[in-house]
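# Structure assessment
So the chains spell out like this:
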Amino acid sequence: MLLIRKRAYARAGLVGNPSDGYHGKTISVIVRNFFAEVTLYEWDEIVPLVERDEIEIVWSQEDKSRFRSVGELVRDVKLHGYYGGIRLVKATIKKFVEFCRRQGHDLHDRNFSVRYESNIPRQCGLAGSSAIIVATLRCLMDFYGVPIPQEVQPSLALSVETEELGIAAGLQDRVIQVYEGLVYMDFSHEAMRDLAGLACGVYEPLDPALLPSLYLAYSTDASEPTEVIHNNLRARYHQGEPAVVHAMQHLADLTVEARAALVSGDHARFGALVNANFDVRRSICRLPAGQVEMVERARRAGATASFTGSGGAIIGVCPDAATFARLQADLGEIRCKVIRPQVLPAP
């Protein structure tokens, strides 16, 4: 029996976030400490594609509908939201099939079951949803033997959420999860181009060795669904609110500076730009107090700090072991976990 198992990892936005959804620029890094894993295994029975009723998506713990008490139900909703990953897997399969048909790829008629699991902390801004989509997409490409160009895969993954599920999002998460490592991304009007019917930016992998010593801290207590922040921000941007439009351009400019700082080895400047990224975001968003406290405590401990994504997790430059110990102690007081992000595969 054919069995395919693929992973996609968590990610952390370093500089530029969230301008990726607003024709900006970003630098992001993969976080191999956490991952979503999708397993696809083939059925023996063959059924024509248009008549399939043997495609099975197996429920995971995150999709459960039975609870020991109402208290457990409330906790589950707070942690996972009202939807688990089943909708993400289903929507990915649908968009993959539609993409293949548009591109003239003939798909074979073999059936399969697919299941997923994830240890990425939910709703912390670590891109857990897109990780499920990217891992599912990798399984489907392997199973059907369809080679989708690397620069196209993030845009296809994004279409699953924006077009199929109506979730506001940008390309950044999917780009870093497809490319992995450390990537500089340009989503400006000048950089965007059409590839295979999808809008794609320009993506430049950078050597992770350029990075200073980083830390990552997260708390599910301070989590917030990404659409809560992005939907309001997107509406304000499209209404032409000057502060929001200017902020997105400012974030893009910070990203260009951050790339230059990395390439030149100026870690102090890079750390300052990470701080500036959060300060710009704070100037246009009403941020939850718990998330702001994470940043403020990290800075008082001697590190730089900015959100990894939509909040609930922060990342920054941590220059030495003493600072890392202070981070663990000070952030631990508000129930945050502090780790060193793993960017490269284990040797």
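Structure first, text after, so check above.
Fair warning: this is a prediction, and the values are worked out from it, not measured in the lab. (Residues numbered from 1 in each chain as written. Predicted model: local features only at pLDDT ≥ 70, side-chain atom pairs only at ≥ 80, totals over all residues. Heavy atoms only, no water.)

### What about the packing of helix H3 (residues 128-144) against helix H5 (residues 172-179)?
Rule in force here: To obtain an axis, a line is fitted to C-alpha atoms, over the contacting stretch when the element is a helix, and the angle between two such axes runs from 0 to 180 degrees between their N-to-C directions. Secondary structure elements follow DSSP: runs of H or I of four or more residues count as helices, runs of E of two or more count as strands, with numbering from the N terminus. Every angle not falling under 35 degrees, over 145, or within 65 to 115 is termed oblique; those three ranges are roughly parallel, roughly antiparallel and roughly perpendicular. Here a crossing is taken to be left-handed if its near helix is turned anticlockwise relative to the far helix by less than a right angle, and right-handed if that turn runs clockwise. Residue contacts follow a heavy-atom distance rule, with two residues in contact if any of their heavy atoms lie within 4.5 Å.
It is at 10 Å that the axes of H3 and H5 come closest, and there the two elements cross at 45°. Classified by the angle between their axes, H3 and H5 sit oblique to one another. Where H3 crosses over H5, the two elements pack in a sense that is right-handed. Contacts between H3 and H5 pair Ser 130, Ala 131, Val 134 and Arg 138 from the former with Asp 173, Arg 174, Gln 177 and Val 178 from the latter.

### A word on the nonpolar core
Convention followed: Think of a nonpolar core as a cluster: buried Ala, Val, Leu, Ile, Met, Phe, Trp, Tyr and Cys residues, connected wherever their side-chain atoms sit within 4.5 Å. Between buried and exposed lies partly exposed: a residue is buried under 20% and exposed over 50% of the maximum accessible area for its type, with that area taken using a 1.4 Å probe on protein chains only.
Formed by 109 residues in total, the largest nonpolar core has its most connected members in Leu 14, Phe 96, Tyr 215 and Ile 314. Among the elements that make up this core, the one with the highest residue count is H3 (eleven residues). With residues up to four places along the chain from it excluded, the contact list for Phe 96 reads Leu 107, Leu 137, Leu 140, Met 141, Tyr 144, Val 146 and Ile 148.

### Describing the packing of helix H2 (residues 86-102) against helix H4 (residues 153-164)
Contact geometry of H2 with H4 gives a least axis separation of 9 Å together with a crossing angle of 115°. In this view, H2 runs roughly perpendicular relative to H4, as classed from their interaxial angle. Helix-helix and strand crossings are classified by hand; for H2 and H4 the assignment is right-handed. In this structure, H2 uses Leu 88, Ala 91, Thr 92, Lys 94, Lys 95 and Phe 99 to contact H4, whose residues at the interface are Leu 156, Ser 159, Val 160, Glu 163 and Glu 164.

### Regarding the packing of aromatic side chains
The geometry of two aromatic rings is summed up by the distance between their centres and the angle between their planes. This is how the line gets drawn: A pair of aromatic rings is counted whenever rings of Phe, Tyr or Trp (Trp by its six-membered ring) have centres within 6.5 Å, and the orientation is called stacked for planes under 30 degrees apart, edge-to-face for over 60 and tilted otherwise. Charges are assigned to positions over rings by a cutoff of 6 Å between ring centre and Lys NZ or Arg CZ, combined with an angular limit of 35 degrees from the ring normal.
Counting across every chain of the model gives ten aromatic pairs. Taken together, a centroid distance of 4.8 Å and an interplanar angle of 65° make the contact between Tyr 22 and Tyr 237 edge-to-face. Of this pair, Tyr 22 sits in the loop between strand E1 (3-15) and strand E2 (25-46) while Tyr 237 sits in helix H6 (residues 226-238), placing them 215 residues apart in sequence. Both residues of the pair, Tyr 22 and Tyr 237, belong to the buried class. The side chain of Arg 32 reaches across the aromatic face of Tyr 9, ending 4.6 Å from its centre. Across the ring face of Phe 143, the terminal group of Arg 110 is positioned such that the distance to the ring centre comes to 5.3 Å.

### Things to note about unusual backbone geometry
Of note, the bond from Asn 17 into Pro 18 is cis; its omega dihedral lies within 30 degrees of zero at 10°. Relative to the assigned elements, Pro 18 resides in the loop between E1 and E2. A positive phi angle, near 55°, is found at Gln 123, a position not held by glycine. Within the secondary structure, Gln 123 sits in the loop between strand E4 (110-118) and H3.

### Some details on the layout of surface pockets
Operational definition: Of the two site types, the cavity is a set of points on a 1 Å grid over the protein atoms alone where a 1.4 Å probe fits but cannot get out, and the pocket is an open set with protein on both sides within 12 Å along at least five of seven lines, each lined by residues with an atom within 4 Å of a point. Grid points are joined across faces, edges and corners, and a volume is the space filled by probe spheres set on the points. Side-chain classes are defined by residue name, with Ala, Val, Leu, Ile, Met, Phe, Trp, Tyr, Cys and Pro counting as nonpolar, Asp, Glu, Lys and Arg as charged, and the others, Gly among them, as polar.
Its boundaries defined by the atoms lining it, the second largest pocket holds a volume of some 340 Å³. The wall of the second largest pocket is formed by 18 residues, among which Leu 158, Ala 169, Leu 171, Met 192 and Ala 199 lie closest to the centre. Counting only elements with at least two residues in the lining of the second largest pocket, the list comes to H4, strand E7 (198-200) and H6. Ranked by residue count, the leading element in the lining of the second largest pocket is H4, at five residues. Residues that form the lining of the second largest pocket fall into these classes: eight nonpolar, seven polar and three charged.

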